[in-house]
Each structure stands twice: as C-alpha cells, then as structure tokens.
Amino acid sequence: MPVVVPPTSSHGAAPRLNAMLEDAWGREWLSRPVLEPEALIVAARKKTGLSQFGDAPGWRERLTLLTQALHGEAALTPLGRVVAYGQLVSALANRARAHALWRRHPEILDIPVRSPIVVLGQMRSGSTRMQRLLACDPRLAHTRFFESWNPLPGVRLGRMDDRLLRGWMGLRAAHWLNPEFSVIHPTGTRQPDEEIGLHNVSIFGSAFEAQWRVPSFAAAGEAMDARPVYAEFKQLLQTIAWLRGERGERPWILKVPQLTQDLAALLEVFPDARLVCLDRPAATLVASSASLVHSQMRVQSNAVDRHWIGREWLRKIALRQRRMAAARSGADVAQVDVRFEAMNADALGEMRRVYHALGMVLTPDVERRMARYLARPSHRKLAAHRYALEDFGLSEAQVQAAMPGTASPDMLRLVPGIPGIGQEPAQARARAG
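Residues numbered from 1 in each chain as written. Predicted model: local features only at pLDDT ≥ 70, side-chain atom pairs only at ≥ 80, totals over all residues. Heavy atoms only, no water.

What the rule picks out here adds up to five aromatic pairs. On the numbers, 5.6 Å between centres and 40° between planes, the contact of F53 with W59 is tilted. Residues F53 and W59 agree in their burial class; the two are buried. Centre to centre, the rings of F204 and Y230 are 6.4 Å apart; their planes meet at 85°, and the pair counts as edge-to-face. With a gap of 26 residues between them, F204 in the loop between helix 9 (196-201) and helix 10 (206-209) and Y230 in helix 12 (residues 227-244) connect regions that are remote in the sequence. The burial state of F204 is the same as that of Y230; both residues are buried. These aromatic residues form a ring-pair network of at least three members: F204, Y230 and F233. The ring centre of F340 lies 5.1 Å from the NZ or CZ of R129, which sits over that ring. Just above the ring of F340 sits the side chain of R280; from NZ or CZ to the centre is 4.1 Å. (Phe/Tyr/Trp six-rings, centres within 6.5 Å; stacked < 30°, edge-to-face > 60°. Buried < 20%, exposed > 50% of the residue type's maximum accessible area, 1.4 Å probe, protein only. Helix = DSSP H or I, 4+ residues; strand = E, 2+ residues; numbered from the N terminus. Lys NZ or Arg CZ within 6 Å of the ring centre and 35° of its normal.)

Structure representation (structure tokens):
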C-alpha cells in the first residue's frame, strides 16, 4: 500500500506558506505562477531584457515535457508551483545571459578544459566528500555552490557579483523550507559543490527529477542523446573560468551523480577525463538516495508516495550502474575505484592511492588541508542522516536482484512491480504501459 505524507504533515515552513499563497491568489493579491513554456520564456525575457536562448537542440522540447509532467504527475502544492516557476525562469534567464555573453565574447569558448577529474558516483556514494577533498588542492579548479546555481551574473551591485547574493539567498531559503537539507547535504555559498545547476540551464537532469515526481520527463532524459547538453556544460565551465579571470590552466574537478548515467556522452566532450569511481553497498546507497528524494519532494507536494520513490530510484540507480559500467569498459582513460568503506576507514590513505593512480603528487601541504577538512563539524554532520530501505517498501534482496551483476532468475522474481529493471528506457516504458 502506498505510503503518502498526509496534507496536514509539518515540514519546515511549507504548510504555512501554502496557506498564505492560496489566500493571496484567492484575493488576487498575487498572480498564480503559470507553468507553461511560453509564459516561462516571456518571464525570462522580461527578467533579462534578452530575447535569444541559443539554438542547441532539445531544450524547448524538454521544457515542454517538464511542464506537462509538473501539471500531470508532480501534484505540486502552491509552494511547489512557486518554486518550480522560480527555478525554471532562473534557468532560462541564465540560458539567455550565457548565449548573449558568448556572442559578445566568443573567446570564452577557446578556454581549454583539460584533463578534468570526474568524481563518478551515484547520489549518496560519498561523491561530495571526494570532491571536497580534491578541492583542497589549489592546483585543481572546482565549482562553488553559487556558481553552479548562478553561472551568469545578472546585475552588478557596485563591485559585488550578484551571483554571491543570489546563491546565499537561495541557500538560506532551502534551509528555511527544509531544515533536513543542512544535514543531508551540508554546504555553503562559496563551498565546492556539484555542477547540477549547469544542467538546469539546458532544462535537463536530476535536479528536477529529485525534487518533483516527473517520470515522463525522466524517461525522455534517459532516452535522449546527451552530447549537446555536455557541449553546453563545457561552455558553462569555460564561462565560469573566464568570469574568474582564469584561462584553463588548472584541471577541473567535476561531480554530478547524473554523470554516471551520461558517462559515454561526457567522455565524447572530455576525451581526456580522468575517472575517480566511487562504490557503496547497494542497499545503503538506494536507501540514502530515496531518503534524499523524499526529503525534497515532500516540501513541494502533499502526495508523496514513499514506495514509488523507492521503486523509481532503485530502477534509476540500476540503469545508471549499467550505463556507467558499459562506458567505463570502453574508455581509454585513467580510472581508479574507491570503496565507501575504505574512505571511512582511512580517507587520507585512499587519497594517496587516488593521486598515485591519476599520476599526481599529493604534497604534504595538500594532505594537511585534507586532514583539516575531515576534522570539520560540517563533514561529520552526515552521520546524523538516518534512513532505512523498509521506509520505501524495499528489501535488501530486491535491491540486490535489481543491481547489475547480482541478479539471478530466482532473485528477479523478488522485484514485481518495478518495471524496467534490467532494461533500457524504451523497453521499460513499454512494459510499464
């Protein structure tokens, strides 16, 4: 039986805001946000004063699919509608600003992005820890939280870059609406963080899938050719470097869980990438991922089905594992595997091994920086995150049956009701239909 968070549940400030928004809309004090492609594009044009969004293929189609899914599948609350509207207008505004900047300064796209280090891991696999340990090395470049979500400046506030202010405000709002966020993913405005916000600019990826129930949009993303998205992804990295006054001298650390799904496309755009491949026991990986998704979804919907989240993210994690393994097997690039338990037991020892495998020297100064990071309270916060497979209608046997390389015919009978396990997206949709 589905487990649904009841409408009366309290989660941060969301219930109060939902009531206030409905009242304001009913009294016509505020306009209800319109989640339709043309309305969102018009809003982005008004926000930026720009009219062009670039001719990269697919983004308009994905915007249409996403808005249809928000209407038909996501069961958004008033707050969810406001958040979705704000995120999509912001993404489109960043898109317009990026393409305008590239027309004015085409030299940006000549900045090299050489030999990036790709932290390749599923959600909750320890990828944030690995990225931030690597970011202790000043010889490497990394994306900061405010740059990921606001890659392009909007207005200048004197000498201040408004991306910092927008990043700070967004993070404060996230903590206020969802107090669990600071435990599940501790971060700060200037801290190293994943490039997931760059995917938003292309109207693509798991930032949307992990906060709203949009399975039709997810299926389309799994079935599409992702190479144009990663071509834009590279251009956005070049833009961030240019805005810093850098010229591509430092290798970039890249980290987005979506990269496990799209590794083949990523390697076509970054053929000299180096891979740090993270592994965590499947049962805890799935449970922790489902817990993160549930925490985000219930802020924006009063119809959150824990069992659906468990099935969907088990399916998605299994698909990503298969695609990652296939892409790795055919890739002629440096690769090193890192186990979650080994990092827990001896993080610095593992980092020495990673540096050696990638042909890099771990200096005493960088090792001291890493040790200071590991001693920070924010690093230890993650231990407070609690989750269990049973909360999401799953058992360890079901997870093991679904994951690549572990299933037997007898075990597969343990996963009824999870369409698509072991199949690619088109097959999964046919079976689900």
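Our next topic: empty space enclosed by the protein. Summary: where empty space remains is shown by rolling a probe the size of a single water molecule over the atoms. According to the stated counting rule, one finds five cavities of 30 Å³ or more in the structure shown. Looking at the largest cavity, its volume works out to about 80 Å³. Every residue lining the largest cavity is counted, 13 residues in all, and those nearest its centre are A74, R213, M297, S301 and V304. For the lining of the largest cavity, the secondary-structure elements that each account for two or more residues are helix 14 (282-300) and helix 15 (306-329). (1 Å grid on protein atoms, 1.4 Å probe; cavity = no way out; pocket = protein on both sides within 12 Å on 5 of 7 lines; lining within 4 Å. Points joined across faces, edges and corners; volume = space filled by probe spheres on them.)

Turning our attention to helix 3 (residues 59-72). In a regular helix each residue adds 1.5 Å, so 14 residues correspond to 20 Å; helix 3 covers 20 Å between its end C-alpha atoms and thus fits that length. Listed in full, the buried residues belonging to helix 3 are W59, R62, L63, L66, T67, A69 and L70. Down the axis of helix 3, the buried side of the element spans an arc of 160°, and every buried residue falls inside it. Residues E61 and G72 are exposed on helix 3 and point more than 90 degrees away from its buried face. (Expected span 1.5 Å × (residues − 1). Arc of directions from axis to C-beta.)

Our next topic: helix 15. Across its 24 residues, helix 15 extends 34 Å between first and last C-alpha, which sits within 8% of the 34 Å expected from 1.5 Å per residue. Most of helix 15 sits out of view: 18 of its 24 residues are buried. Capping the start of helix 15 is the job of one residue whose side-chain oxygen sits 2.9 Å from the backbone nitrogen of H307: D305. (Polar contact = N/O pair within 3.5 Å; in protein donor to acceptor, adjacent residues only side chain to side chain.)

By the criterion of burial, strand 5 (residues 274-279) is predominantly enclosed, with five of the six residues buried. Summarising the sheet, strand 5 and strand 6 (residues 335-339) pair through five bridges and their orientation is parallel. Bridge pairing in strand 6 links L275 to Q335. (Pairing = 2+ DSSP bridges.)

Right, let's get into the pattern of salt bridges. A complete count under the given rule lists 21 salt bridges for this structure. Of the charged contacts, one joins R132 and D193 as a salt bridge, the two residues approaching to 3.4 Å between their closest N and O atoms. Within this pair, whereas R132 is found in helix 5 (residues 127-134), its partner D193 is found in the loop between helix 8 (181-184) and helix 9, the two being separated by 61 residues in sequence. One exposure class covers both R132 and D193, and it is buried. Measuring nitrogen to oxygen at the nearest pair gives 3.6 Å for the salt bridge that ties E341 to R339. For E341, a relative accessible area of 37% puts it in the partly exposed group. (Salt bridge = Lys/Arg side-chain N within 4 Å of Asp/Glu carboxyl O.)

Reading across from one edge, 4-1-5-6 is the order of the four strands in this open sheet, with parallel pairing throughout. The sheet terminates laterally at strand 4 (253-254) and strand 6, the two strands that pair on one side only.

Residues I117 and V119 line one face of strand 1 (residues 117-120) and the alternating positions V118 and L120 line the opposite face, and both faces are buried. Sheet analysis places strand 1 next to strand 4, joined by two bridges and oriented parallel. In the strand pairing of strand 4, V118 is matched with L254. Looking at chain direction, strand 1 and strand 5 are connected through four bridges and run parallel. What sits directly across from I117, in strand 5, is R274.

In this section: the side chain of Q122. Secondary-structure assignment places Q122 in the loop between strand 1 and helix 5. A relative accessible area of 3% places Q122 in the buried class. A polar contact is formed between the side chain of Q122 and the side chain of Q321, at a distance of 3.0 Å.

Here we take up the nonpolar core. Counting residues in hydrophobic clusters, the biggest one holds 40 residues, and the most contacted among them are Y230, F270 and L275. Ranked by residues supplied to this core, first place goes to helix 12 with seven residues. Apart from residues no more than four positions distant in its own chain, F270 is found in contact with V113, P116, F233, K234, L237 and L254. (Core = buried A, V, L, I, M, F, W, Y, C linked by side-chain atoms within 4.5 Å. Contact = heavy atoms within 4.5 Å.)

Shape descriptors only; they carry no functional weight alone.
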